[in-house]
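Coordinates in review
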Amino acid sequence: MSRIEELIEKLCPNGVEYKELEKVCRFQNGFSFKSTLFRNCGEPILRITNILNGKLSNDSYVYFNLEDYKENLENYKVKKGDVVVAMSGATTGKIGYNYSENIYYLNQRVGLFVPNEKVLLKRFLFHWLTTQSKKIHNISSGSGAQPNLSSVKMMKLKIPVPPLEVQCEIVHIL
């Protein structure tokens with residue numbers, strides 16, 4: 001018997017509960033940065049083109065100056081370990097994980113998952129989301145190169161929520 005099977009038998013003998021994402025996770029849509037205020041240096045803006053192969057790319061960022069905006073941009077920060085999704089265009093549904101120490105700011109076509117870490121590990125969420133690409137693509141609307149992903153529909157997807165110890169072991173294996 002594997003370590004995961006042992007943990008599941010011990011911690012959830014009646015099976016793993018499935019919950020809608022919105023019950024265990026908050027979703028943050030990106031901010032509408034003005035392209036006229038883009039700069040060559042400053043704070044990096046995370047755009048859909050920066051989500052590649054499950055991670056955030058290290059190049060092709062545009063930047064802005066915090067002083068150019070009166071809004072509080074704290075909720076738009078993407079920190080180490082955060083999970084993001086491309087919301088439109090040819091990369092719709094692509095999931096990315098911030099492996100770096102860099103802090104980025106969400107652009108309007110990128111969404112951030114903010115799980116309740118008392119019940120859902122970010123890394124477990126990331127791995128699960130990467131297995132849901134077909135479902136995520138199916139709930140996007142539009143056609144051709146410009147489909148759009150509905151955060152409302154996406155947050156209705158059901159995720160298995162085993163105890164944190166089980167999630168931790170799954171993440172360790174993956």
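Rules of the game
- Each residue is numbered by its place in its chain's sequence as written, counting from 1.
- Since the coordinates come from a predicted model, pLDDT governs what is reported: local features require at least 70, and pairs of side-chain atoms require 80 or more to be given and counted, while whole-chain, interface and lining totals use all residues.
- As a rule here, side-chain values come from all non-hydrogen atoms in the structure, and water together with hydrogens is ignored.
- In this description a helix means any DSSP run of H or I spanning at least four residues, a strand means any run of E spanning at least two, and both kinds are numbered starting from the N terminus.
- Computation of the radius of gyration draws on C-alpha atoms, with the globule rule given as 2.2 Å multiplied by the number of residues to the power 0.38.
- Here the term buried applies to any residue with accessible area under 20% of the maximum for its type, exposed to any over 50%, and partly exposed to those in between, with areas from a 1.4 Å probe on protein chains only.
- Note on contacts: a residue pair is in contact if any heavy atoms of the two residues lie within 4.5 Å.
- Only the protein chains shown count as covering a residue, and every accessible area follows the Shrake-Rupley method with a 1.4 Å probe.
- We treat Lys and Arg as the positive residues and Asp and Glu as the negative residues; His and chain ends play no part in the count.
- The atoms used to mark charge sites are NZ of Lys, CZ of Arg, CG of Asp and CD of Glu.
- Whether two strands pair comes down to DSSP finding at least two bridges between them.

Structural notes on the overall build of the protein chain
A count of helical and extended segments in the protein chain gives 6 helices and 12 strands. The C-alpha atoms of the protein chain give a radius of gyration of 17 Å, which matches the 16 Å a tight globule of 174 residues would have. The principal-axis extent of the C-alpha atoms belonging to the protein chain is close to 60 × 35 × 25 Å. Put simply, the protein chain has 174 residues, and 43% of those count as buried. The long-range fraction of contacts in the protein chain, counting pairs at least 24 apart against all pairs at least 6 apart in sequence, stands at 74%. Carbon together with sulfur atoms contributes 49% to the accessible area of the protein chain, which is approximately 9900 Å² in total. Both charge centroids of the protein chain, one from 23 positive and one from 17 negative side chains, sit 6 Å from each other.

Comments concerning the pairing of strand β8 (residues 83-86)
Both faces of β8 are covered, namely the face carrying Val83 and Val85 and the face carrying Val84 and Ala86. Here β8 runs beside strand β9 (residues 95-97); their pairing, made up of 3 bridges, is antiparallel. Across the sheet, residue Val85 finds its bridge partner in β9, namely Ile95. Inspection of the sheet shows β8 paired to strand β11 (residues 110-115) by 4 bridges, in the antiparallel sense. What sits directly across from Val84, in β11, is Leu112.

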